[in-house]
Amino acid sequence: MQGKEKKLLDIAKAIGKLRADQNLSQDDLAKKLFVSRDLIAKWETGARRPDWQTIERIAAVFGVSPSFIADKSELVMKELSKCLPKDCPMSVAELIPVLNSFLERLTETEANIFLQRYYFLKNIADIAVIYHLGSSHVRTILSRTRKKLKKYIREVEK
């Protein structure tokens, strides 16, 4: 099983176990979280993954730490991996100072939007609200920033 699928299934199992342990139906949990029962089913089968804020809400409903459901650092690295050039040879330890240097070169807004998405794992709609931008504008900023980061990493690797 590939890493991405395994993590989705780990989150799925954790949510399903918590729900079963508290004798809640998917519909009961959906009502507590103000989401559809179908979405709960998708989380529990691994077809979808809740974002970090939702993982925190799920954890609060069950009275557990969000880390019981998912490892935030692994989710952060998964999200960041989308921003890296394919076959990037850098370790996490090597990547941290490169990322810090890269972020210093961005405008304050670009850096903050990047961090909101790839470190704090906020969804695009929430970021758009925070910065009073449209979702499409946030997606454009993130797309351009990812391209800049890939280019920056390639230059640093040389």
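From a predicted model like this one, the values you see are computed outputs, not experimental measurements.

For the rest of this paragraph, the subject is the confidence of the model for the protein. Predicted coordinates in areas of low pLDDT are best not read in detail. Chain-level pLDDT for the protein is 89 on average; 94% of the residues reach the 70-or-more range. Note on residues 1-6: pLDDT under 50 across the span, and 3 contacts to partners over four residues away in sequence or across chains.

Applying the stated rule across the entire model yields 0 disulfides. In this structure cysteine 83 is not part of a disulfide, and its nearest cysteine sulfur, from cysteine 88, lies 11 Å away. A residue is classified by how much of its surface remains accessible, and cysteine 83, at 0% relative accessible area, is buried.

What follows covers the packing of helix α2 (residues 26-33) against helix α3 (residues 37-45). Their axes nearest at 8 Å, the elements α2 and α3 cross at an angle of 110°. Comparing the axis directions of α2 and α3 gives the class roughly perpendicular. Listed contacts from α3 to Gln26, Asp27, Leu29, Ala30 and Leu33 of α2 are Arg37, Ile40, Ala41, Trp43 and Glu44.

A few words now on the layout of surface pockets. Rolled over the atoms, a probe sized like a water molecule indicates the empty space that remains. Empty space within the largest pocket amounts to approximately 390 Å³. Every element with two or more residues in the lining of the largest pocket is listed here: α1 (3-21), α3, α4 (52-62), α6 (72-81) and α9 (124-131). Residue composition of the lining of the largest pocket, by class: 9 nonpolar, 3 polar and 10 charged. There is about 300 Å³ of room inside the second largest pocket. Lining the second largest pocket we find 15 residues, and of these Val76, Leu80, Ile96, Leu99 and Tyr119 sit closest to its centre. Considering each element in turn, the lining of the second largest pocket owes the most residues, 6 residues, to helix α7 (residues 92-105). For the lining of the second largest pocket, the class distribution of residues is 12 nonpolar, 2 polar and 1 charged.

Take the environment of aspartate 51 next. Along the chain, aspartate 51 falls in the loop between α3 and α4. Considered as a pair, aspartate 51 and valine 61 are 10 residues apart in the sequence and their alpha carbons are 15 Å apart. Look past the residues within four positions of aspartate 51 in its chain and what remains in contact with it is Leu121 and Asn123. Side chain to side chain, aspartate 51 and threonine 54 meet in a polar contact 2.7 Å long.

A word on the packing of aromatic side chains. We describe a pair of aromatic rings using the distance from one ring centre to the other and the angle between the two ring planes. Using the criterion set out here, one finds 4 aromatic pairs in the structure. A centroid spacing of 5.7 Å and a plane angle of 45° characterise the contact between phenylalanine 102 and tyrosine 152, whose relative ring orientation is tilted. With a gap of 50 residues between them, phenylalanine 102 in helix α7 and tyrosine 152 in helix α10 (residues 135-157) connect regions that are remote in the sequence. Classification of phenylalanine 102 as buried rests on a relative accessible area of 3%. When its relative accessible area of 12% is taken as the criterion, tyrosine 152 is described as buried. Look at phenylalanine 114 and tyrosine 118: their rings are 4.9 Å apart centre to centre, the planes differ by 45°, and that puts the pair in the tilted class. Within this pair, phenylalanine 114 and its partner tyrosine 118 are both found in helix α8 (residues 108-118), separated by 4 residues, close to a single helical turn. For the pair phenylalanine 114 and tyrosine 118, a shared accessibility class is recorded, and that class is buried.

Another point: the packing of α8 against α9. Across the interface, α8 lies against α9 with an axial gap of 10 Å and an inter-helix angle of 145°. Along this stretch, α8 crosses α9, giving a crossing that reads as right-handed. In this structure, α8 contributes Asn112, Ile113, Gln116 and Arg117 to the contact, and α9 contributes Ile127, Ile130 and Tyr131.

The rules behind these values
Residues numbered from 1 in each chain as written. Predicted model: local features only at pLDDT ≥ 70, side-chain atom pairs only at ≥ 80, totals over all residues. Heavy atoms only, no water. pLDDT = per-residue confidence, 0-100. Contact = heavy atoms within 4.5 Å. Disulfide = S-S within 2.5 Å. Buried < 20%, exposed > 50% of the residue type's maximum accessible area, 1.4 Å probe, protein only. Axes fitted to C-alpha atoms, helices over the stretch in contact; angles between N-to-C directions. Helix = DSSP H or I, 4+ residues; strand = E, 2+ residues; numbered from the N terminus. Parallel < 35°, antiparallel > 145°, perpendicular 65-115°, else oblique. 1 Å grid on protein atoms, 1.4 Å probe; cavity = no way out; pocket = protein on both sides within 12 Å on 5 of 7 lines; lining within 4 Å. Points joined across faces, edges and corners; volume = space filled by probe spheres on them. Nonpolar A, V, L, I, M, F, W, Y, C, P; charged D, E, K, R; others polar. Polar contact = N/O pair within 3.5 Å; in protein donor to acceptor, adjacent residues only side chain to side chain. Phe/Tyr/Trp six-rings, centres within 6.5 Å; stacked < 30°, edge-to-face > 60°. Left-handed = near helix turned anticlockwise from the far one by under 90°.

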